[in-house]
Amino acid sequence: MSINWFPGHMAKARREIEENLKKVDVVIEILDARIPHSSHNPMLDEITQHKPRVVVLNKVDMADKQATDAWMAKFKSEGKYPVALDGRNNQIIKRIEPLAIRATAEIFERMQKKGIGRRAIRAMITGIPNVGKSTVINNVAKRKIAKTGNTPGVTKQQQWIKAGEQMELLDTPGILWPKFEDEITGKKLSLTGAIKDTVVPLDEVAIYGIEFLLTHDPARFNAFYNINVSESDDVVDVFDAIGRSRGLKAGGNEINYEAVTNRVIYDIRNGKIGSYTFDEADA
Ligand code: GDP
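In the nomenclature of an unreviewed UniProt entry, the protein is known as Ribosome biogenesis GTPase A of Salinicoccus sesuvii. Here the protein is described in UniProt, under the heading Subcellular location (unreviewed entry), as follows: "Cytoplasm". Recorded in UniProt under Sequence similarities (unreviewed entry), the annotation for the protein is "Belongs to the TRAFAC class YlqF/YawG GTPase family. MTG1 subfamily."

See the structure below:
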């Protein structure tokens with residue numbers, strides 16, 4: 001999805017989510033498991049207040065397993081109901097629904113005590129662009145509902161989708177804007193594809209990715225590109241090595257740096273080199 005977030009968009013998105021919040025018992029926040037901190041917009045905490053929260057660490061297939069375990073523990077310690085999954089898997093409702101049931105147990109107990117008859121648990125999905133909201137909704141609904149690349153502020157008739165045995169889900173996700181706390185957050189959002197390629201200079205994104213890999217997984221990085229570089233090498237030498245190894249030339253023997261930049265970003269963004277998590281749970 002590729003929209004520019006102006007203050008008006010943000011205000012409207014916030015209002016829409018606030019409206020929808022009134023209708024639901026539980027919020028299902030989708031995060032990118034590779035950047036659970038950077039893909040979270042803290043505005044959601046402000047407006048949901050004490051509403052129970054299921055946290056889906058999506059794209060877990062591309063995240064580091066140990067880091068995912070650490071994030072799961074952190075979210076549990078915060079009283080949230082986390083689950084790590086691949087949103088494309090068609091069994092995900094079996095993982096999400098039990099958490100929604102646990103998250104809302106108290107609410108329904110209170111209702112029962114007041115003599116209010118049991119009804120379906122109502123839930124809504126939220127998250128920043130590209131974390132997999134539509135993928136999850138469509139998968140749970142078993143049909144194509146949420147348009148991939150949907151825009152905030154485009155109002156349409158909302159519907160409840162039956163999701164699992166006891167849950168109903170709003171068919172339109174609450175779209176949050178990516179929050180830039182600092183430059184590094186911007187680079188992480190770009191590296192994982194959460195923001196447009198025009199927002200942060202791509203060479204900086206690629207350099208961030210290369211430095212991350214040379215610090216965290218140098219052997220795999222070298223093996224993947226069939227090169228021999230280290231953390232202490234000048235980053236231009238790393239670009240040169242990748243360019244030579246992959247034959248990315250600009251004519252003659254010159255390295256095509258733009259092509260190297262794009263290749264590195266593509267390889268990291270799509271999990272080709274390996275599965276990495278860029279945010280630390282205990283940071
Ligand atoms: P939305 O903007 O939040 O609705 O995100 P989409 O549902 O459109 O997903 C963005 C991209 O991520 C699509 O290309 C999906 O196929 C892909 N995607 C969604 N979930 C997963 C997942 O768990 N693993 C992987 N590898 N890709 C996913």
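Asker: Can you explain the overall build of the protein? Please cite residues and give values.
Answerer: Within the protein, the regular secondary structure consists of 10 helices and seven strands. On C-alpha atoms alone, the protein measures out to a radius of gyration of 21 Å, which is about the 19 Å that the 2.2 N^0.38 rule sets for 283 residues. Residues classed as buried in the protein amount to 50% of the 283 residues present. When the accessible surface of the protein is totalled, it reaches about 14100 Å², and 48% of it is carbon and sulfur.

Asker: Outline the nonpolar core, supporting the account with residue identities and numerical values.
Answerer: With 73 residues, the main nonpolar core has Ile 28, Met 167, Leu 169, Phe 221 and Ile 242 as its most contacted residues. When residues in this core are grouped by element, the largest group, eight residues, is from helix α4 (residues 93-113). Built from parts of two domains, this core gets at least three residues from each of domain 1 (7-175) and domain 2 (201-269). In this structure, Ile 28 is in contact with Val 54, Val 56, Ile 96, Ala 123, Met 124, Ile 125, Thr 126, Met 167 and Leu 169, ignoring residues within four places of it in sequence. Core analysis: the next-biggest nonpolar cluster, separate from the first, contains 10 residues, Leu 31, Leu 57, Met 72 and Ala 84 among them.

Asker: Residue-level account of the packing of aromatic side chains, with values.
Answerer: Ring pairs (aromatic) are described by centroid distance and by the angle formed between their planes. Enumeration over the complete set of coordinates arrives at nine aromatic pairs. An aromatic cluster of three or more residues is present, and its members are Tyr 208, Phe 212, Tyr 276 and Phe 278. It is Arg 118 that lies over the ring of Phe 108; its NZ or CZ is 4.1 Å from the centre. Positioned above the aromatic ring of Trp 160 is the side chain of Arg 122, whose terminal nitrogen or guanidinium carbon lies 5.9 Å from the ring centre.

Asker: With reference to specific residues and values, describe unusual backbone geometry.
Answerer: Of note in the backbone geometry, Gln 49 takes a positive phi value of approximately 50 degrees without being a glycine. When you line up the elements, Gln 49 lands in the loop between α2 (43-48) and β2 (53-58). According to the relative accessible area criterion, Gln 49 is exposed, its value standing at 58%. The backbone of Asn 130 sits at a positive phi, close to 75 degrees, despite the residue not being glycine. Residue position: Asn 130 is located in the loop between β4 (121-127) and α5 (133-141). Take Asn 130: its relative accessible area is 39%, and that puts it in the partly exposed class.

Asker: Explain the pattern of salt bridges to me, using residue names and the numbers behind them.
Answerer: Enumeration according to the criterion identifies 17 salt bridges in this entry. Residue Arg 14 is joined to Glu 46 by a salt bridge in which the shortest nitrogen-to-oxygen separation is 3.3 Å. Here Arg 14 is found in helix α1 (residues 7-21), whereas its partner Glu 46 is found in helix α2, with 32 residues between them in sequence. In this structure Glu 46 comes out as partly exposed when scored by relative accessible area, which is 49%. For Asp 279, the salt bridge goes to Lys 188, with nearest N and O atoms at 2.7 Å.

Asker: Talk me through the environment of Glu 18; I want residue IDs and the actual numbers.
Answerer: Relative to the assigned elements, Glu 18 resides in helix α1. Spatially, the C-alpha atom of Glu 18 lies 20 Å from that of Ile 137, the residues being 119 residues apart in sequence.

Asker: For the pairing of β2, give the residues involved together with the corresponding values.
Answerer: Burial analysis of β2 places six of its six residues in the buried class, the great majority of the element. Going residue by residue along β2, you find Arg 53, Val 55 and Leu 57 tucked away on one face and Val 54, Val 56 and Asn 58 tucked away on the opposite face as well. Pairing of strand β1 (residues 26-32) with β2, which is carried by six bridges, proceeds in the parallel orientation. By the bridge assignment, Leu 31 is partnered in β2 with Leu 57. The parallel pair β1 and β2 is bridged by α2, and the resulting crossover is right-handed. Pairing between β2 and strand β3 (residues 81-84): four bridges, direction parallel. Residue Val 55 lies in a different strand from β3, and its bridge partner there is Pro 82.

How each quantity is defined
- Residues numbered from 1 in each chain as written.
- Predicted model: local features only at pLDDT ≥ 70, side-chain atom pairs only at ≥ 80, totals over all residues.
- Heavy atoms only, no water.
- UniProt positions renumbered as here; feature names shortened; annotations may be inferred.
- Helix = DSSP H or I, 4+ residues; strand = E, 2+ residues; numbered from the N terminus.
- Rg over C-alpha atoms; globule rule 2.2 N^0.38 Å.
- Buried < 20%, exposed > 50% of the residue type's maximum accessible area, 1.4 Å probe, protein only.
- Areas by Shrake-Rupley, 256 points an atom, 1.4 Å probe, with all protein chains shown as cover.
- Core = buried A, V, L, I, M, F, W, Y, C linked by side-chain atoms within 4.5 Å.
- Domains from an automatic or database assignment.
- Contact = heavy atoms within 4.5 Å.
- Phe/Tyr/Trp six-rings, centres within 6.5 Å; stacked < 30°, edge-to-face > 60°.
- Lys NZ or Arg CZ within 6 Å of the ring centre and 35° of its normal.
- Salt bridge = Lys/Arg side-chain N within 4 Å of Asp/Glu carboxyl O.
- Pairing = 2+ DSSP bridges.
- Right-handed = clockwise from strand over helix to strand, strands pointing away.

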